[in-house]
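# Results of the structural survey
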Amino acid sequence: MAVSRIRPFPFGYRRRVAPRFRYLETLTIGFVIVLVVSNLVGPKVCQIGPLVVSGAQLLFPVTYICGDVFTEVYGYAASRRVFGMGLLAVMGQIAVARPPAPGWHDQQAVATVFGLVPRFAIASLVAYWAGEFTNSYTLARLKVLTKGRFLWTRTLGSTITRQFVDTVLLVLIAFWSVMSHGEIVTMIASS
């Protein structure tokens with residue numbers, strides 16, 4: 001692998017960055033931020049006109065773009081290495097389980113918000129892995145079928161298949177027994 005240039009690193013340490021991975025760190029950080037924020041607002045069900053959607057569905061599609069870039073630019077395997085939701089779920093549960101300080105009066109609010117995170121995290125993980133696999137596989141297969149041409153077709157086709165798999169799994173796992181079957185079907189159809 002070719003080495004391009006020396007790049008500043010915290011505390012004066014310098015390292016070499018391969019040109020192929022120049023933006024991988026920035027893209028990974030953005031991806032994790034969008035993922036964590038999506039999972040924090042995910043348990044909130046919103047109504048937009050006749051549509052009923054999870055709060056995460058307003059932001060989460062940005063991760064599809066990141067997934068496409070990971071697969072298209074950095075390769076099929078690179079899209080598998082990025083994830084931070086498990087840490088949020090574990091730390092949220094640890095924070096809720098610890099007794100509050102004497103002057104802290106918002107324990108119930110924190111418990112309410114983070115109480116939903118583990119279930120949503122599991123739903124998100126399963127839906128993400130299945131959706132990301134579907135997306136990456138579709139994108140890679142379409143790249144072979146189109147001989148590397150028609151990027152818009154590959155990204156659009158892979159995003160549609162990913163969105164379908166991700167939405168169905170996420171809504172079923174996260175909201176099963178929390179909402180009625182009719183509301184779940186409406187949420188899936190709205191998405």
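What this report covers is the structure whose coordinates are included nearby. (Residues numbered from 1 in each chain as written. Predicted model: local features only at pLDDT ≥ 70, side-chain atom pairs only at ≥ 80, totals over all residues. Heavy atoms only, no water.)

### Notes on the overall build of the chain
- Scanning the chain for helices and strands turns up 7 helices and 4 strands.
- Reading the chain from its N terminus to its C terminus gives the helix and strand order β-β-α-β-β-α-α-α-α-α-α.
- Buried positions account for 34% of the 191 residues belonging to the chain.
- In the chain, the proportion of contacts linking residues at least 24 apart, taken out of those at least 6 apart, comes to 62%. (Helix = DSSP H or I, 4+ residues; strand = E, 2+ residues; numbered from the N terminus. Buried < 20%, exposed > 50% of the residue type's maximum accessible area, 1.4 Å probe, protein only. Contact = heavy atoms within 4.5 Å.)

### Focus on unusual backbone geometry
- Although it is not a glycine, Phe150 sits at a positive phi angle of roughly 60°.
- Checked against the element boundaries, Phe150 lands in the loop between helix H5 (117-145) and helix H6 (151-175).

### Let's talk about helix H7 (residues 181-190)
- All of the buried residues in H7 are Ile184, Met187 and Ser190. Seen along its axis, H7 keeps its buried residues to an arc of 130°; they face one direction. Pointing more than 90 degrees away from the buried face of H7 are the exposed residues His181, Val185 and Ala189.
- Along its buried surface, H7 packs onto strand E3 (45-48), strand E4 (51-54) and H6. (Arc of directions from axis to C-beta.)

### Some thoughts on the environment of Ala174
- Looking at where Ala174 falls in the secondary structure, it is placed in helix H6.
- Given the relative accessible area of 5%, Ala174 is considered buried.
- Sequence-wise, Ala174 and Leu116 are 58 residues apart; in three dimensions their C-alpha atoms are separated by 9.0 Å.
- Discounting chain neighbours no more than four positions away, the residues touching Ala174 are Arg119, Phe120 and Ala123.

### Quick notes on the pairing of E4
- Here E3 pairs with E4 via 4 bridges, running antiparallel. Within E4, the position partnered with Val45 by the bridge is Ser54. (Pairing = 2+ DSSP bridges.)

### Quick look at the nonpolar core
- Counting residues in hydrophobic clusters, the biggest one holds 12 residues: Val52, Ala56, Phe120, Ala123, Ala127, Leu170, Val171, Ala174, Phe175, Met179, Ile184 and Met187.
- Those elements that place two or more of their residues in this core are H5, H6 and H7.
- Sequence-distant contacts of Ala127, that is, excluding residues within four places in its chain, are made with Glu132, Asp166, Leu169 and Leu170.
- Judged by nonpolar contacts, the second largest core, of 8 residues, contains Phe60, Tyr64, Cys66 and Tyr128. (Core = buried A, V, L, I, M, F, W, Y, C linked by side-chain atoms within 4.5 Å.)

### Description of the packing of aromatic side chains
- Evaluated as defined, the whole model comprises 1 aromatic pair.
- With centroids separated by 5.9 Å and ring planes inclined at 20°, the aromatic side chains of Phe133 and Tyr137 adopt a geometry described as stacked. Taken together, the residues Phe133 and Tyr137, both in helix H5 and 4 residues apart, mark about one turn of the helix.
- Judged by relative accessible area, which is 46%, Phe133 ranks as partly exposed.
- The class of Tyr137 is partly exposed, set by a relative accessible area of 44%. (Phe/Tyr/Trp six-rings, centres within 6.5 Å; stacked < 30°, edge-to-face > 60°.)

Function cannot be read off these values alone, since they describe shape.
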